[in-house]
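# Inside the fold
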There are 2 protein chains.
Amino acid sequence: MRYVVIMAGGSGKRLWPLSRQGEPKQLLPLFDGQSLLQLAYQRVLQAVGPEQVLVCTGAAYADVVLEQLPGLAPENLLGEPEGRDSLNAVAWPAAVLARRDPDAVVAMVTADQLINPVDTFADALAAGFRLATDIPDVLVTFGVLPTSPHTGYGYLARGADIDGYGTASWVTEFKEKPDQATAQAYLASGGYWWNAGMFVWRARTLLDQLAVLLPQTHTKVLQLAEQPERLAEIYPQLLKTSVDYAVMEPVARGEGSARVAAIALDIDWADVGSFAALRAVLPQDPAGNAVVGPVVVRDSTGNLLVNTDHGSVLAVAGAQDLVVVRTPEATLAATLAASQQIKELAEQVADQVSPELA
Amino acid sequence: MRYVVIMAGGSGKRLWPLSRQGEPKQLLPLFDGQSLLQLAYQRVLQAVGPEQVLVCTGAAYADVVLEQLPGLAPENLLGEPEGRDSLNAVAWPAAVLARRDPDAVVAMVTADQLINPVDTFADALAAGFRLATDIPDVLVTFGVLPTSPHTGYGYLARGADIDGYGTASWVTEFKEKPDQATAQAYLASGGYWWNAGMFVWRARTLLDQLAVLLPQTHTKVLQLAEQPERLAEIYPQLLKTSVDYAVMEPVARGEGSARVAAIALDIDWADVGSFAALRAVLPQDPAGNAVVGPVVVRDSTGNLLVNTDHGSVLAVAGAQDLVVVRTPEATLAATLAASQQIKELAEQVADQVSPELA
């Protein structure tokens, strides 16, 4: 049986005060009242039924997630007692699903980006499922066709083509975030894709790699699946590392018992990891203002204006290229250029006013 | 006996959302936690005892005023059921005090400005009291020595000097707000002072002028003093006009039974009628930011940053020459230049979101 796990782990520091320390930005209802998580959920329902969709997120956000996704069964919500990086956000669901269904084929998808067109994504996901079902011992990743020499993404080095699964290749190497010159060279060569951080594999195949590469993690996630009541005890003991470091890179180098394949994702892939990025993906008025919530604007251009404080108003005049955000607890006013410093600003808030506001 | 009436009538449209429609800006605790009303109260206690201080304000603000001025006797708070312009804010107290004390000499002072030095103001007020006590049938005004050709103030044309009351003169004419060229000429001539909108007179003398110039107003304010229970019925019937139009201008022209004198006020007279003006009078950090309340600032210069929403934070980065205000109901973000449009912006809020927020 096919399953999809949506990874909605927390990190909203660069969107403070919209999201707070450790709060997943994927839960913010910024897109016509929908959150990135809700958009991701709708996307994956093209591939599997609602009973086969799981969400892995912080335990603290379980209620919000179940509220946003009324179709999600509570037993399909995997709430991490604390964030232990991406390795455990894929290893724990693999163990849980392998116990429910020894033949489980699992897609791990992110909810960090706006994805367009959705049909192209669904086709690629279907190809990933077929590839992981047809070929034994394969870890399938997805590669976004790069449109710029982006230094903020990891890259996949493509080997031989694989016929019959859309545009697919074997992956010879994982490359970490490159410098500008290297990114330029990757883009020019045509031999590299952006690492989308999404995967499809048989649950069993991933666990087999862990058995070889990280036997302790393997043992512990199997324990978690058998004894879910020990979650709060065992989860914090898991090695905190990324799935790329711990599994994908060594397996691509031949250190596991599987191979790594990649399916091309020919999509617009809009990260919303900063206010400037968020403004770019939201609809804009003729003056270039992206507006969410009760906001009144006068003689202002190029701003991102967000008000999530029910019953209040945000009013802006003469503003240019600003981000102004009002939440129940905080107001942020910054130039979009200065919004790079939001993490530091939130730390100042913690130091100078109250850690609870940061 | 001497009395001082502090006029704290409402008009806070240009400081929205700090003050709302009809809310007196004089009640905002912006100056080291003190309001303009509290500062005005402390100033006049140099001239009279607390039992001789009255406050005339909107009835809706009675509780806030009594809270801010614990020394004010409740019977000394005159709460207007609605604003009826400055004529009635001086005529009603005159009738009330004349009934309490037929020899009442009354100073009418504003709470709109920051005044420095306070001692110079106290000296001028004392001179005003002496002049109004010594000379029969005189209406005493105060003239601020102009430091610029300000087109936002009315002017007093000075006639012959009056010896013995500081720098004092008879007033030959009241001039309404002039255009730039006229204001330049006034400043150059040395014969004009800014009309401070403050007065000293015998209550009886003001009422005598009303008897001649506006007999109906005279009758009605006497009724109000005799039958305070009819306030809600009578007050809204009072002619809505300014004391300058109705009394000072005609009396200076010889149409009353008194003369008009002016005492020089050689003070720094800082209006706080706009955000730009408010920023100028508040203490500033080395980067020129004026900050009130829980605010965190990063790489920002020349801003006015005010947070009156208890328990929240206002955080600002990369901002220049902005006014950012957070209240429990609203956030304003505007350039200081655009803060001229605040009234219009508040009207937009009323139209587009809710009249209750404007």
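Please read all numbers here as calculations on a predicted model, not as lab measurements. (Residues numbered from 1 in each chain as written. Chains lettered and ligands numbered in written order. Predicted model: local features only at pLDDT ≥ 70, side-chain atom pairs only at ≥ 80, totals over all residues. Heavy atoms only, no water.)

### A look at the overall build of chain A
- When you go through chain A residue by residue, the secondary structure sums to eleven helices and 17 strands.
- Expected size for 358 residues packed as a compact globule is a radius of gyration near 21 Å; at 21 Å, chain A falls within 12% of this value.
- Scored against the burial criterion, the 358 residues of chain A give a buried share of 57%.
- Considering only contacts in chain A between residues 6 or more positions apart, those separated by 24 or more positions represent 64%.
- Of the accessible surface of chain A, which amounts to about 14,100 Å², a share of 48% is contributed by carbon and sulfur atoms. (Helix = DSSP H or I, 4+ residues; strand = E, 2+ residues; numbered from the N terminus. Rg over C-alpha atoms; globule rule 2.2 N^0.38 Å. Buried < 20%, exposed > 50% of the residue type's maximum accessible area, 1.4 Å probe, protein only. Contact = heavy atoms within 4.5 Å. Areas by Shrake-Rupley, 256 points an atom, 1.4 Å probe, with all protein chains shown as cover.)

### Some points on the sheet that holds strand S15 (residues 313-317) of chain B
- Spatially, S12(A)-S14(A)-S16(A)-S17(A)-S15(B)-S13(B) is the arrangement adopted by the six strands of the open sheet, whose pairing is mixed. Sheet topology places strand S12 (290-292) of chain A together with strand S13 (295-298) of chain B at the edges, where each strand pairs with a single neighbour. Neighbouring strand axes in the sheet, compared pairwise and without regard to direction, differ in orientation by 5° on average.
- Each of strand S17 (330-335) of chain A together with S13 and S15 of chain B touches helix H11 (residues 342-352) of chain A; the most contacted strand, S13 of chain B, lies at about 140° to it. (Pairing = 2+ DSSP bridges. Axes fitted to C-alpha atoms, helices over the stretch in contact; angles between N-to-C directions.)

### With respect to the relation of the copies chain A and chain B
- In the superposition of chain A on chain B (RMSD 0.0 Å, axial shift 0.0 Å), the rotation amounts to 180°. Here the two chains are linked by the operation of a two-fold rotation axis. (Least-squares fit on C-alpha atoms with pLDDT ≥ 70 in both.)

### Considerations on the environment of Val281 of chain A
All names here are of chain A.
- Looking at where Val281 falls in the secondary structure, it is placed in helix H10 (residues 275-281).
- With a relative accessible area of 24%, Val281 lands in the partly exposed category.
- On a C-alpha basis, the gap between Val281 and Thr110 in space is 17 Å, while along the polypeptide they are 171 residues apart.
- Excluding anything up to four places from it in sequence, Val281 contacts Phe31, Leu114, Ala270 and Val272.

### Details of the sheet that holds strand S15 (residues 313-317) of chain A
- One open sheet holds the six strands; their spatial order is S13(A)-S15(A)-S17(B)-S16(B)-S14(B)-S12(B), and the pairing between them is mixed. Each edge of the sheet is formed by a strand with only one pairing partner; in this case those strands are strand S13 (295-298) of chain A together with strand S12 (290-292) of chain B. Neighbour-to-neighbour, the strand axes of this sheet turn through a mean angle of 5°, independent of strand direction.
- The strands touched by helix H11 (residues 342-352) of chain B are S13 and S15 of chain A together with strand S17 (330-335) of chain B; relative to S13 of chain A, the strand with the most contacts, the crossing angle is about 140°.

### Side note on helix H3 (residues 85-100) of chain B
Residues and elements named next belong to chain B.
- Compared with an ideal rise of 1.5 Å per residue, which puts 16 residues at 22 Å, H3 spans 24 Å between its outermost C-alpha atoms and is within 8% of the ideal.
- When you tally the buried positions in H3, you get twelve out of 16 residues, the bulk of the element.
- Turning to H3, its buried residues are Leu87, Asn88, Ala89, Val90, Ala91, Trp92, Pro93, Ala94, Ala95, Val96, Leu97 and Ala98. (Expected span 1.5 Å × (residues − 1).)

### Remarks on the side chain of Thr241 of chain A
- Following the sequence through the fold, Thr241 of chain A ends up in the loop between helix H8 (231-234) and helix H9 (243-252).
- Not counting the four nearest positions on each side in its chain, Thr241 of chain A is found in contact with Arg84, Asp85, Ser86, Leu87 and Ala246 of chain A.

### Quick word on the pattern of salt bridges
All names here are of chain B.
- Here the structure, examined in full by the defined rule, presents 14 salt bridges over all chains.
- With its nearest N and O atoms 2.8 Å apart, the salt bridge here joins Glu255 to Arg253.
- Using a relative accessible area of 52% as the deciding quantity, one classes Arg253 as exposed.
- Here Asp309 and Arg326 are joined by a salt bridge, their closest N and O atoms 2.9 Å apart. Taken together, the positions of Asp309 in the loop between strand S14 (304-307) and S15 and Arg326 in strand S16 (residues 322-326) put the pair 17 residues apart, joining distant regions of the chain. As far as burial versus exposure is concerned, Asp309 and Arg326 are alike and both buried. (Salt bridge = Lys/Arg side-chain N within 4 Å of Asp/Glu carboxyl O.)

### Looking at the pairing of strand S4 (residues 105-110) of chain A
- For S4 of chain A, a buried count of six out of six residues is recorded, marking the element as mostly surrounded by other parts of the structure.
- Burial along S4 of chain A is two-sided: the residues Val105, Ala107 and Val109 of chain A and Val106, Met108 and Thr110 of chain A are all buried.

### Observations concerning the packing of H3 of chain B against helix H6 (residues 203-213) of chain B
Residue and element names in this part refer to chain B.
- As a packed pair, H3 and H6 sit with axes 9 Å apart at the nearest point and diverge in direction by 125°. When the axis of H3 is compared with that of H6, the two are oblique. When you trace H3 past H6, the crossing you get is left-handed. Residues Leu87, Val90, Ala91, Ala94, Ala95 and Ala98 of H3 form the contact with H6, whose participating residues are Ala203, Arg204, Leu206, Leu207 and Leu210. (Parallel < 35°, antiparallel > 145°, perpendicular 65-115°, else oblique. Left-handed = near helix turned anticlockwise from the far one by under 90°.)

### Overview of the interface of chain A and chain B
- Taken together, the contact pairs 36 residues of chain A with 36 residues of chain B.
- The contact between chain A and chain B buries some 2,800 Å² in all, and 58% of this surface belongs to carbon and sulfur atoms.
- Between the two partners, chain A and chain B, sit zero salt bridges.
- For the interface between chain A and chain B, the tally reads 29 residue pairs in polar contact (both at pLDDT 80 or more).
- Residue assignment for the side of chain A that touches chain B shows that the elements contributing at least two residues are S13, S15, strand S16 (322-326), S17 and H11 of chain A.
- Take the side of chain A that touches chain B: its biggest share by element is six residues, from S17 of chain A.
- In terms of residue class, the side of chain A that touches chain B is built from 21 nonpolar, nine polar and six charged. (Buried area = accessible area lost by both parts, 1.4 Å probe. Polar contact = N/O pair within 3.5 Å; in protein donor to acceptor, adjacent residues only side chain to side chain. Nonpolar A, V, L, I, M, F, W, Y, C, P; charged D, E, K, R; others polar.)

### What about the packing of helix H6 (residues 203-213) of chain A against helix H7 (residues 215-226) of chain A?
All names here are of chain A.
- Put simply, H6 and H7 touch, their axes get as near as 5 Å, and they point 135° apart. The pairing of H6 with H7 is recorded here as oblique in orientation. Residues Leu207, Leu210, Ala211, Val212 and Leu213 of H6 touch H7, and the partners they reach there are Pro215, Thr217, His218, Val221 and Leu222.
- Residue composition of the contact of H6 with H7, grouped by class: eight nonpolar, two polar and no charged.

No statement about biological role is implied by the geometric values presented.
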